[in-house]
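Descriptive structure summary
If you want the building blocks of each chain, they are given just below.
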Amino acid sequence: MPAQATITHPGPGTFRGTLEIAGVAPVRPGFTGSPAVTPPGQPGSSMTDLARWRYPVEVPAGARRTLVLPVPVASRQGQPISLEARLLDEDGRIVAWSRIPIGTGRPTDVLVGVLATRDIPYLAAVPAPRGELVTPERIDPHLAPRTAAGWANFDLVVVDGAAALRQLDGDQRDALRRWVKLGGTLLLGTGPDAGHLAAALGPDLFPWEVAGSVPVRRFDGALAWARLVAPDVPPVGTGGNAPDGGPSPGGRPAPDGGNSPGGGNAAGDGGSSTAPATIAAVLRPLPMDAAASGDGGSQGQDGVSSPAAGRLTLAPGPNGAIPVGYIAHVGLGRVYAWSTRLDAEPWLSWAGTPAALAGWLGTDLVAGVTRRADAVVMHLGSGFRAPSGPNWSGPVVMSTPLDSGGPRSLFQPLLTGLYTPNSYWPGLDALQNAARDLPGLQFPSPGMLMAGTAAYLLLIGPVTFGWLGRRKRRPWAWVVVPVLAVLVIAGSYASGALAARGTPRAAAGFLLLDEAGRQGVWSGLVAAYRPGRPASVTLRAGSQVSPMMRPDTWAGPFQRPVEDPIMVAEPSARGLEVTWPAAGAGHVIPVAVQLDLAVAGSGAEGLTARWAPEGPDRWRVRVTNGLDVPLTGVTLFLGGNRLHQFGDLAPGEQGEAVVRVAHQAALGPSFTGFGIFGTGAGGGGPAAGYPGTVGGDDGAWEARQRARLQGSMSYLLQGVSGGPFLVAEIKGSPVLVDAAGGGPDGPVVPPSRWDPHGYTLVLAPVQAPGLDQGAAAGVPPAGFVPATASNALWPAAAGMIRASAVDMPGPDVMVLRDAQVVVEWRPPEAVVPGARRLVVRLDARQPAPSPPALGAAIELYDFASGRWVPVKDPGAWTVAGAAPDWVAAGVSVQPQRLQVEGEALRRFLPPGGRLLVRFRSPGDGEMTLTLPQFVLEVSP
């Protein structure tokens, strides 16, 4: 994150020196006390420098200079280091220093970045689904992140109005856009500023046309979302009491007679939820080709058809309504647009505003660390106990199989950095081994060793003695043999020095691309080594580098602590110079590196993948390699499982296939290394078996790197349950600058000019145009055929999970005591109007202690009446006895299976809506759950 340092120099003369940001850590293993305030290297210090970032400064006498510098933070993962700012003179002496404050909090807190001109106090009171604390932090536009990884520190970014947003420069806005496209969540307060927001954000992040603005006094839609979370919340303003059972979530019925969940702000006087008038923006979705990304459509307020769909009139009056907000899918992320300003009335004074935002945002308010694929993997097979005892039900903040998502949950941990100093995940070992495997330092292959040994023995044996014998000079062997041995040793040393000329270096990581395949973030590890002296490499300008381990991870009681920092980073004319002062003999220390970049391609797009349904379980996929390098092992994944392998694609080449989809959300298999990617030439994996750890030829090194990166990712796939994405491989890395000074400058880095001393696994989303983005609300794309939507394609997510105890005996099985669980599924808005039947399957892939969901009461949320409706009683596979008649007529209950159709389907999943399912254990009893399977049969 950016940090601001101000240097004041009273004089005399001009000060020239270095501003050093030091990452400081305790030298003693297991040290848990507060960091010492004595600077490292001085008497009384119990700390040592872990890393140093240096910047040259020059301050005239009597002047003040302010610098904005990036610093590494990991406050919600337990900050492993303290940060200090030191001012060094030209002789390297510390002349001034100051501690850099870093915020702290629990890993499961929901961190909200607020970009606004005024405080929005009620954000701190928003109830998060898992009981976490919502912590809003005002963002100074001058100190706003300049990288996607910086924005990824936030679970949600709120932009209210356009004044603060317009203070961001182009790099900051580009970083915000890249973060959203890679899975971030953005909430906009629009109202009278909608037009200015559209101009500042562009069609990528504001994929709506501003159709006007109207004064609004009724807020039934906001009240409906609030009562989803807090049923007793009072109405907005003083317009009377809500009718029994709550207001219609759609406010007034839409002109076509349907109910829009969370529907409208009725634009008129009177009603059940009224307040003084405020200005609301009316938005219409842009055509898909109008957004710069090519995929920027929108859906109404997650249940509200946009006015362009014709359901809701734009004109204010007693028969008209506008949505309380809009939602757009932007790449892998979401943009929420509240139709008024967030800092306006009635929101500042209404007690239900926090609950209304919580209900509307839904599972996007779950802390990002809970939804990360690596967190799901690390918690599989573990358990949870409520801190207040076995008879008390509390929020479950740990990750569970129900938190496994799609590409979004896979991209986020890679984007936020899996390599923080005291964070560990199982695949990290494979990634570290890849970074430590430096070209030029590998031991020769066994065949080469045997051939060299045989040649040497022939030279000093038969050849030498035969030659001396023919000249009758055999006594000379006492001189000739040692001389030959010295020459062979010198030749071996010289050849090794030539093979490792320069600094042996390696980079191994992942390139996360947006849906257009042209913008992305490289995230991985870099290492270098020089025998006998510190190693250094040059990273591309804009790279963010940080250490990935603490000194006490290798400086135990039987080892001396590291006396020098792991790394020193200093900008130069060529980029960012990184040095390893602490590197010793055979000690290769990787560091974490992230770089925002654009990849040049041969066409308008880079690596892209599009697919469309061709039947209930068949999809046609087209992959285009618009990059300027061949791609190896192009593979399509659905969730954590391989779906199709395209092989290798040359620049400009397309691959096309019709794939059959099994509509079953499932976690990836337990770790199988590279085998999950397939084998054979062009198959994205080595021919057979794990490649050996010896052999210096390029082919062997490449095979090892490929296997390690694939093995690292295979661990993450165990935490992904659905959604399509593409994986490909490129030999090379964009972060290393060629030792000879080559490599392009600027933000665009063509893969053909990447440094060859690295290996990169490319991840790209797969788009379903017209379905993922919903170009016209509630209208399927042209040529749409009967299909099946499921959470294998569009993953579901867990919201609230409360229990007194949780055990996970299998990878997708949970046993909960005294529990309530809410699961949310958001199918594409374009397919819901044609839905004919919804099937909810609750069978487990693995053996379970008891039949899943048998002991649970199951309820579905009825958006027409705004209340939970019982569907199944605990202990029996029958329709709930208290279910209304329309449930008995439209819902059938069978073992591990619910089927919903007719009026029940329209009420539980209205056009553009979301499906909410609640599981409750009886009293303090137990229930077994597994990943629910939602399958929606759709006609045109």
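The following paragraphs examine the structure supplied in this document. (Residues numbered from 1 in each chain as written. Predicted model: local features only at pLDDT ≥ 70, side-chain atom pairs only at ≥ 80, totals over all residues. Heavy atoms only, no water.)

This brings us to the packing of aromatic side chains. Tallied over the entire structure, the rule returns 16 aromatic pairs. Measuring from centroid to centroid gives 4.6 Å for Trp611 and Trp619, while their planes differ by 35°, and the two rings are tilted. You can call Trp611 buried: its relative accessible area is 4%. Note on Trp619: relative accessible area 2%, which makes it buried. Judged by centre distance (5.3 Å) and plane angle (75°), the ring pair of Tyr861 and Trp868 falls under edge-to-face. Tyr861 sits in the buried class, given a relative accessible area of 3%. (Phe/Tyr/Trp six-rings, centres within 6.5 Å; stacked < 30°, edge-to-face > 60°. Buried < 20%, exposed > 50% of the residue type's maximum accessible area, 1.4 Å probe, protein only.)

Bringing the packing of helix H2 (residues 170-181) against helix H3 (residues 194-205) into the picture now. Following both chains from N to C, one finds H2 and H3 inclined at 35°, their axes separated by 11 Å at the closest point. As H2 runs across H3, the sense of the crossing is right-handed. For the pair formed by H2 and H3, the contact residues are Arg173, Leu176, Arg177, Val180 and Lys181 on the first element and Ala200, Leu201, Asp204 and Leu205 on the second. Of the residues contributing to the contact of H2 with H3, the split by class is five nonpolar, no polar and four charged. (Axes fitted to C-alpha atoms, helices over the stretch in contact; angles between N-to-C directions. Helix = DSSP H or I, 4+ residues; strand = E, 2+ residues; numbered from the N terminus. Left-handed = near helix turned anticlockwise from the far one by under 90°. Contact = heavy atoms within 4.5 Å. Nonpolar A, V, L, I, M, F, W, Y, C, P; charged D, E, K, R; others polar.)

This part takes up the environment of Val813. Topologically, Val813 is positioned in strand E37 (residues 813-817). Val813 gets classed as buried once you look at its relative accessible area, which sits at 0%. Ignoring any residue separated from it by four or fewer positions in sequence, one finds Val813 in contact with Asp807, Met808, Ala844, Gln846, Pro847, Ala848, Pro849, Thr928 and Leu929.

Further remarks concern the nonpolar core. Inside soluble globular proteins, nonpolar side chains tend to come together where they are buried. Of all hydrophobic cores here, the largest spans 126 residues; its most connected members are Val526, Val545, Trp611, Phe908 and Phe919. For Phe919, the contacting residues outside a window of four places in its chain are Ala819, Gln820, Val821, Val823, Leu842, Ala856, Ala857, Ile858, Met927, Leu929 and Pro932. One finds Val112, Trp338, Met548 and Val588 within the second-largest nonpolar core, a separate group that totals 114 residues. (Core = buried A, V, L, I, M, F, W, Y, C linked by side-chain atoms within 4.5 Å.)

This next bit is on the pattern of salt bridges. According to the stated counting rule, one finds 46 salt bridges in the structure shown. Between Arg610 and Glu605 there is a salt bridge, with the nearest N and O atoms lying 3.2 Å from each other. Judged by relative accessible area, which is 30%, Glu605 ranks as partly exposed. Several salt bridges share partner residues, and in doing so they unite Glu20, Arg54, Glu84, Arg86 and Arg99 into one network. (Salt bridge = Lys/Arg side-chain N within 4 Å of Asp/Glu carboxyl O.)

One way to put it is that helix H4 (residues 220-229) packs onto helix H5 (residues 353-361) with a least axis distance of 7 Å and a crossing angle of 85°. Considering the angle they form, H4 stands roughly perpendicular to H5. Facing Ala222, Trp225, Ala226, Leu228 and Val229 of H4, the residues of H5 in contact are Ala355, Ala356, Ala358, Gly359 and Trp360. Class assignment for the residues of the contact of H4 with H5 results in nine nonpolar, one polar and no charged. (Parallel < 35°, antiparallel > 145°, perpendicular 65-115°, else oblique.)

The next point concerns a nonpolar patch on the surface. Residues Leu458, Leu459, Val463 and Val488 make up a contiguous nonpolar surface patch of roughly 300 Å² in combined accessible area. The leading source of residues in the nonpolar patch is helix H10 (residues 446-470), at three residues. Along the polypeptide, Val463 turns up in helix H10. Among the residues examined, Val463 registers a relative accessible area of 48% and is labelled partly exposed. (Patch = residues over 30% accessible without salt bridge, like charges linked within 9 Å, V, L, I, M, F, W, Y side chains within 5 Å. Areas by Shrake-Rupley, 256 points an atom, 1.4 Å probe, with all protein chains shown as cover.)

With that settled, the discussion passes to unusual backbone geometry. Note that the residue after Gly11, namely Pro12, is joined by a cis bond; omega there is 0°. Following the sequence through the fold, Pro12 ends up in the loop between strand E1 (2-9) and strand E2 (15-26). Cis peptide bonds are those with omega within 30 degrees of zero, and the linkage from Glu345 to Pro346 qualifies with 15°. Residue position: Pro346 is located in the loop between strand E17 (333-338) and H5. Even without glycine at this site, Asp818 takes up a positive phi of about 50°. Here Gln896, not a glycine, exhibits a phi torsion of approximately 55°, which is positive. Structurally, Gln896 can be placed in the loop between strand E42 (891-894) and strand E43 (897-901).

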